[in-house]
Amino acid sequence: MAAIGFTAAAPLAGLSSVAYAAEAVRAEIGKPLQEAQKLAAAGKNKEALAKLKETDAVGGKSPNEIYMIERTRASAAAAAGDNDAAAKAFETVINSGKLSPAEAPKFTQALAGIYYRAKDYPKAITWIQRALKDNPSDGQMHELLIQTYYISGKYAEAAKELQGTKGASEASLQMLANIQLKQNDKEGYVQTLEKLAGAYPKSSYWADLLNRVSGKPGFASSLSLDVLRLRLANGLLTKPSEFMEMSQLALQAGNAAEAVKIIDQGYKKGALGTGSDAARHQRLKDLAAKTQSEFEAKQPAAEAEAVKAKDADALSNMGFALVTAGKADKGLALMEQAVKLDSARNPEAAKLHLGIAQSIAGKKAAALTTLKSVKGKDGAADLARYWTLNLNRS
C-alpha cells in the first residue's frame, strides 16, 4: 500500500504588512519601510526585502520599529519563497506581543507551514503543536502534524494521532496502515484494513483482508468455502478456476443450490461456458442441477433421520442448502436447531453459517446478532466480522 501524501499548506492569506499600531517611527526607518511596503503590495517582494536592508543599518530601534520592519519582512519573504528570512521574521513578530488575538493564530499557523516547506520538521512540529494548543479543533494543523511526523520518521507519534482521529478519512487510514506495515504491526494493520474495507469497500482492501485471514496460522481449511463466499460477494471471483473451485466446494458441502447459483454467475460474467474447457463447465452445471433435484427428492427423509440422530452438522448443512434454495423459514429453523444442539464438529462455524444464511434470507438484524456471537481462533470469528462489515455496508 503506497504512502499517502497530504497537501496541507500554511495559511498565508491575511498577513499583509499594513495593519500596524499607530506609533511614530523615525524618518530614517519610516521612508525605506514605506517604500518596501509599496514594493510588496506591487508584488515586487525581492525588491521589498532589499529595501528593508536599509532599516537594518539603523541602530537603537524601538520595539515598535522592529515589529513594523519584521512584519513587512515576514510578508515579503513568505511571498518571495525565502523561508529562512520569513521564519526569523515571523518568530520575531509572534514573540513581539503586538499581534491581536485574531491575528496571532494565523501567524503561528503560517510559521508552522514555513518550517514544513523548509523541511525543518522539528521546528515545524513545535509550531504546529503551539497552533493546536491555541485551537485544538484545527483540522488543517492536525493533518499537517500527522504528515510531519510521518515524513520525519516519527511513525509511533503519527500512528497515535491517526488512531485518535474520529471518522478518519480514507487517506488517514491508508497512512496508518502504511505505518503499521513499516512497524511490522500485523494485528494493527489488519484492524485498520478492516476499517478501510468497511468504510471504503474497494476490491483491493477486501482481497488483502481475505488473503490474510486464509493465510493466518490455525485457519481451518473447512472455512475455505466461506472465504470464497465473501470473495464472490465482493466481486473478487474472475477466473474460471475460481468459479469451478467454489461450486465444487459447495457441492461437497451438500449445497447444490448454491453451486447452481455460482455456476450461473460464472456464465453471466463470461468466465464459464467459453474456451477449451466449455464442455467441462457444462458437465459441472449439469451435475449441480442433477444433484439439486436429488436433494429435493431425498430431503424429507434425510431431515427426519438427522433430527432423530440429533446430527447438528447434517441439520446445519441441510438448513443452509434449503435457505439457498429459497426455503428460508424451514432452513433457518433447522440451522437454529443445530446451533442449540452445540454438538457440531465446529460449533462456531455453525453459528457463522447461521448468520450468513440469515443475511441471505434478508434478516439483517438477526444476522448481525448471530455473527457477533461467533468466537474462536480458527478464522470463524474473523469471517463473522467481515460478514458484518459486508452487511453494514449494504
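About the criteria used
- Residues numbered from 1 in each chain as written.
- Predicted model: local features only at pLDDT ≥ 70, side-chain atom pairs only at ≥ 80, totals over all residues.
- Heavy atoms only, no water.
- Salt bridge = Lys/Arg side-chain N within 4 Å of Asp/Glu carboxyl O.
- Helix = DSSP H or I, 4+ residues; strand = E, 2+ residues; numbered from the N terminus.
- Buried < 20%, exposed > 50% of the residue type's maximum accessible area, 1.4 Å probe, protein only.
- UniProt positions renumbered as here; feature names shortened; annotations may be inferred.
- Expected span 1.5 Å × (residues − 1).
- Core = buried A, V, L, I, M, F, W, Y, C linked by side-chain atoms within 4.5 Å.
- Phe/Tyr/Trp six-rings, centres within 6.5 Å; stacked < 30°, edge-to-face > 60°.
- Lys NZ or Arg CZ within 6 Å of the ring centre and 35° of its normal.
- Axes fitted to C-alpha atoms, helices over the stretch in contact; angles between N-to-C directions.
- Parallel < 35°, antiparallel > 145°, perpendicular 65-115°, else oblique.
- Left-handed = near helix turned anticlockwise from the far one by under 90°.
- Contact = heavy atoms within 4.5 Å.
- Nonpolar A, V, L, I, M, F, W, Y, C, P; charged D, E, K, R; others polar.
- pLDDT = per-residue confidence, 0-100.

Glancing now at the pattern of salt bridges. The tally for this structure, following the rule as stated, stands at 18 salt bridges. Across the salt bridge formed by E103 and R71, the nearest N and O atoms sit 2.6 Å from each other. With E103 in the loop between α4 (83–95) and α5 (104–117) and R71 in helix α3 (residues 63–80), this residue pair connects regions lying 32 residues apart in the sequence. Note on E103: relative accessible area 17%, which makes it buried. Ionic pairing is found between D313 and R345, a salt bridge with its closest N-O pair at 3.4 Å. You can see D313 sitting in helix α16 (residues 312–324) and its partner R345 sitting in the loop between α17 (328–341) and α18 (347–360), a full 32 residues away along the chain.

Moving on: the UniProt feature "repeat: TPR" (unreviewed entry) in the chain. Within this structure's numbering, the places UniProt gives as "repeat: TPR" (unreviewed entry) are residues 105–138. End-to-end, the C-alpha atoms of residues 105–138 are 10 Å apart, and along that stretch the chain is 79% helix and 0% strand.

Moving on, we come to α3. Along an α-helix, a turn takes 3.6 residues, which lines up residues three or four apart on a common side. Between its first and last C-alpha atoms α3 spans 25 Å; for 18 residues at 1.5 Å apiece the expected length is 26 Å, and the two agree. Burial analysis of α3 places 13 of its 18 residues in the buried class, the great majority of the element. G81, located one to two residues past α3, shows a positive phi value of around 80°.

Among the nonpolar cores identified, the biggest contains 49 residues, and F90, L111, I128, M141 and I179 are the most heavily contacted of them. In terms of nonpolar packing, the next biggest core, distinct from the first, is built from 39 residues, L173, L209, V227 and L352 among them.

A few words now on the environment of K98. Here K98 lies in the loop between α4 and α5. With a relative accessible area of 29%, K98 lands in the partly exposed category. Distance from K98 to N64, taken between C-alpha atoms, is 8.4 Å for residues 34 residues apart in sequence.

Moving on, we come to the packing of aromatic side chains. A full pass over the atoms with the stated rule returns four aromatic pairs. For the pair F90 and F107, a centre-to-centre distance of 5.4 Å together with 50° between the ring planes defines the contact as tilted. Of this pair, F90 sits in helix α4 while F107 sits in helix α5; the two residues are 17 residues apart in sequence, bridging distant segments of the chain. Note on F107: relative accessible area 1%, which makes it buried. One Lys or Arg, R229, reaches over the ring of F320 and ends 4.3 Å from the middle of that ring. A cation over an aromatic ring shows up here: K285 above the ring of Y267, its NZ or CZ 4.5 Å from the ring centre.

Close contact between helix α1 (residues 27–41) and α3 brings their axes to 10 Å; oriented N to C, the two are set at 20°. Judged by the angle between their axes, α1 and α3 are roughly parallel. As α1 packs across α3, the resulting crossing turns out to be left-handed. In this structure, α1 uses I29, L33, A36 and Q37 to contact α3, whose residues at the interface are E65, M68, I69 and T72. By residue class, the composition of the contact of α1 with α3 is five nonpolar, two polar and one charged.

This next bit is on α4. Relative to the 18 Å expected for 13 residues at 1.5 Å per residue, α4 spans 18 Å between its end C-alpha atoms, a close match to the ideal helical length. Looking only at α4, the buried set comprises A85, A86, A87, A89, F90, V93 and I94. On its buried face, α4 is in contact with α3, α5 and α6 (121–134). Directly after α4, the chain includes G97, whose backbone phi takes a positive value near 75°.

With that settled, the discussion passes to the packing of α4 against α5. It is the contact of α4 with α5, at a shortest axis distance of 10 Å, that shows an interaxial angle of 155°. With respect to α5, the element α4 is oriented roughly antiparallel. Taken as a pair, α4 and α5 cross one another with a handedness that is left-handed. Across from N83, A86, A87, F90, E91, V93 and I94 in α4, the residues of α5 making contact are F107, T108, A110, L111, I114, Y115 and R117.

For the chain, mean pLDDT is 90; residues scoring 70 or higher make up 94% of the total. The low-confidence segment residues 1–22, where pLDDT is below 50, has 60 contacts with residues more than four positions distant or belonging to other chains.

Mapped onto the elements of the fold, L111 is located in helix α5. By relative accessible area, L111 is classed as buried at 0%. Along the backbone, L111 and K363 are 252 residues apart, and their C-alpha atoms lie at a distance of 56 Å. Residue contacts for L111: discarding those within four places in its chain leaves A87, F90, E91, I94 and W127.

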